[in-house]
Amino acid sequence: MNHQITQRISEAQWILKELGFPPAQSNERSALAFLALLDVKPDMPWAAASTPLRGITEMMKFMRVHYGKDYAPNTRERVRRQTIHQFCAAGLATKNPDDPDRPTNSGKTVYQVNGIAWTLAKAHGTDAWSERLDTYLERVGTLADQLERQRRLRRIPVRLPDGNSVDLSLGGQNPLIKEIIQGFCPRFTPGGAVWYIGDADEKFAVYDKNAFVRARISVPHHGKMPDVIVEHVDESWLVVVEAVTSHGPIDPKRRAELDQLLQSSRLELVFVTAFSDRATFRQYVADIAWETEVWIAESPDHLIHFDGSKFLGPYD
């Protein structure tokens with residue numbers, strides 16, 4: 001490989017690492033994408049960098065023509081998803097600065113290095129580098145910083161019965177868990193204490209270790225916990241809730257597992273399967289265990305009892 005080519009790629013990788021990018025976004029492929037966005041050819045100094053608008057196909061052509069890297073056609077999506085997407089997330093580049101309303105799947109989609117990153121790249125190898133790097137990191141931050149900010153912004157705030165709150169990730173069953181805490185609990189466990197909430201990202205989003213110790217329940221951190229555990233203080237019940245979106249309800253096998261996992265000499269167990277709507281409930285109704293309850297978020301004032309003759313009789 002030409003010495004100038006090797007040197008430019010190595011320098012681009014070093015810059016990306018200095019900007020806080022992890023290995024997947026500071027590898028050779030990402031370095032070449034960075035060079036393409038700055039239009040820096042092997043025989044050019046960094047001071048000659050510019051900020052052209054370039055799509056992924058044009059970037060790959062630049063890599064082939066100027067750096068001899070002829071990536072396979074199926075690499076195009078990898079460049080977009082594993083390099084350029086992270087460049088944009090970190091504030092290094094901008095998507096469609098010439099037309100922000102351009103459709104996501106448009107073949108005219110282009111990217112451009114942001115001005116502060118361009119100014120920094122031009123200072124590579126000069127006395128101004130350190131100062132400009134500090135300015136960049138102060139104003140833009142690293143990819144990890146940006147992703148953490150985005151993660152926090154995309155959280156689901158959930159207010160607990162005691163007035164405290166917890167943020168859950170957007171994934172999986174968490175929207176339904178919010179409905180359980182803010183819809184089921186006030187109606188059916190008034191004044192209850194939430195002992196546990198499992199997050200799709202963080203298994204122990206809420207975990208009252210002292211409560212489990214007092215109840216003499218040993219919680220295995222690698223065991224299959226339910227989604228929500230609430231103490232119904234007035235009744236001395238421990239209400240165990242599974243939120244069903246894509247996984248099954250409390251069937252006989254799961255009920256036996258939970259009974260063994262959470263058995264307490266102080267509290268009686270109540271098992272509840274929660275669904276968002278009746279349509280989802282109908283998919284799983286044949287699997288639900290006897291001696292359990294069902295709560296449906298779209299009809300929050302009612303429970304469905306799978307308890308045989310226990311509740312047989314007229315209603316007031």
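Our subject is the structure that appears above.
What counts and how
In this convention, every chain numbers its residues from 1, walking through the sequence in written order. Thresholds applied to this predicted model are a pLDDT of at least 70 for local features of residues and 80 or more for the giving and counting of side-chain atom pairs; totals over whole chains, interfaces and linings are not thresholded and use all residues. Note that the side-chain values use all heavy atoms of the structure and ignore hydrogens as well as water. Helical segments are the DSSP runs of H or I of at least four residues, strand segments are the runs of E of at least two, and each set is numbered from the N terminus. To estimate the expected span of a helix, subtract one from its residue number and multiply by 1.5 Å. Whether a residue is buried, partly exposed or exposed follows from its accessible area with a 1.4 Å probe, protein chains only, as a fraction of its type maximum: under 20%, in between, or over 50%, in that order. Of all possible arcs, the one meant is that of the directions from the helix axis to the C-beta atoms. The contact rule is simple, with two residues in contact once any of their heavy atoms fall within 4.5 Å. Note on definitions: the grid is 1 Å and covers protein atoms alone; a cavity is a set of points where a 1.4 Å probe fits but cannot get out; a pocket is an open set with protein on both sides within 12 Å along at least five of seven lines; lining residues have an atom within 4 Å of a point. Grid points are joined across faces, edges and corners, and a volume is the space filled by probe spheres set on the points. Residues are grouped as follows: Ala, Val, Leu, Ile, Met, Phe, Trp, Tyr, Cys and Pro are nonpolar; Asp, Glu, Lys and Arg are charged; all remaining types, including Gly, are polar. We call two strands paired when DSSP finds no fewer than two bridges between them. Classification remark: right-handed applies to a crossover when, strands pointing away from the viewer, the course from the first strand over the helix to the second runs clockwise. Two rings from Phe, Tyr or Trp (for Trp, the six-membered ring) form a pair when their centres sit within 6.5 Å of each other. Planes less than 30 degrees apart are called stacked, planes more than 60 degrees apart edge-to-face, and all others tilted. Salt bridge, as applied in this entry: a Lys or Arg side-chain nitrogen positioned within 4 Å of an Asp or Glu carboxyl oxygen. Simply put, an axis is a line fit to the C-alpha atoms, just over the touching stretch for a helix, and the angle between two N-to-C directions goes from 0 to 180 degrees.

A. Spotlight on helix α3 (residues 56–67). When the terminal C-alpha atoms of α3 are compared, their 16 Å separation across twelve residues agrees well with the 16 Å that a helix rising 1.5 Å per residue should span. Every buried residue of α3 is listed here: I56, M59, M60, F62, M63 and Y67. Axial view of α3: buried residues confined to an arc of 150 degrees, hence all on one face. Facing away from the buried side of α3 by more than 90 degrees, the exposed set consists of T57 and V65. Tucked into the core, α3 has its buried residues touching α1 (3–18), α2 (28–38), α4 (75–89) and β2 (111–113). One or two residues past the end of α3 sits G68, with phi positive at roughly 70 degrees.

B. Representation of the layout of surface pockets in the model. The computed volume of the largest pocket comes to approximately 540 Å³. Every residue lining the largest pocket is counted, 21 residues in all, and those nearest its centre are W237, V270, E293, K310 and F311. No other element matches strand β9 (residues 268–275), which puts five residues into the lining of the largest pocket. Residue classes in the lining of the largest pocket are distributed as eleven nonpolar, four polar and six charged. For the second largest pocket, the calculated volume is near 420 Å³. The set of elements that each furnish at least two residues to the lining of the second largest pocket consists of β8 (237–244) and α10 (252–262).

C. Fine view of the pairing of strand β10 (residues 292–296). With five of five residues buried, β10 lies mostly within the body of the structure. Burial along β10 is two-sided: T292, V294 and I296 facing one way and E293 and W295 facing the other are all buried. Where β9 and β10 come together, four bridges link them in parallel fashion. In the sheet register, F275 faces β10, and the bridge partner there is I296. Following the backbone out of β9, through helix α11 (residues 278–284) and into the adjacent parallel β10, one traces a crossover that is right-handed. The sheet contact formed by β10 and strand β11 (residues 303–306) spans four bridges and is antiparallel. The residue bridging T292 from the neighbouring strand is F306, located in β11.

D. Spatial organisation of the packing of aromatic side chains. In total, this model carries twelve aromatic pairs according to the counting rule given. Considering the side-chain rings of W14 and W129, the 5.3 Å spacing of their centres and the 40 degrees angle between planes classify their relative orientation as tilted. Taken together, the residues W14 in helix α1 and W129 in helix α6 (residues 129–139) connect sequence positions 115 residues apart. With centroids separated by 5.7 Å and ring planes inclined at 70 degrees, the aromatic side chains of F184 and W295 adopt a geometry described as edge-to-face. Of the two residues, F184 sits in helix α8 (residues 174–188) while W295 sits in strand β10, which places them 111 residues apart along the sequence. Like W295, F184 is buried. Pairwise contacts between aromatic rings join F21, F34, W46 and F87 into one cluster.

E. Expanded view of the pattern of salt bridges. One pass over the full model with this rule turns up 14 salt bridges. Notably, a salt bridge pairs K41 with D39, separated by 3.2 Å at the nearest N-O pair. K41 sits in the partly exposed class, given a relative accessible area of 21%. Here the salt bridges do not stand alone but share partners, grouping D39, K41, R54 and E58 into one network.

F. Structural detail: the sheet that holds β11. In spatial order, the strands read β6-β5-β7-β8-β9-β10-β11; together these seven strands make up an open sheet with mixed pairing. Every other strand in the sheet has two partners, leaving β6 (206–207) and β11 as the edge strands with one partner each. Sheet analysis places strand β5 (residues 193–197) next to β6, joined by two bridges and oriented antiparallel. Opposite Y196, over in β6, you have Y207 as the bridge partner. Relative to the sheet, α8 contacts β5, β7 (228–232), β8, β9, β10 and β11, its axis offset from that of β8 by approximately 145 degrees. The strands touched by α10 within the sheet are β7, β8, β9 and β10, with β9 carrying the most contacts at an inclination of about 135 degrees.

All we've got here are geometric facts, nothing functional implied.
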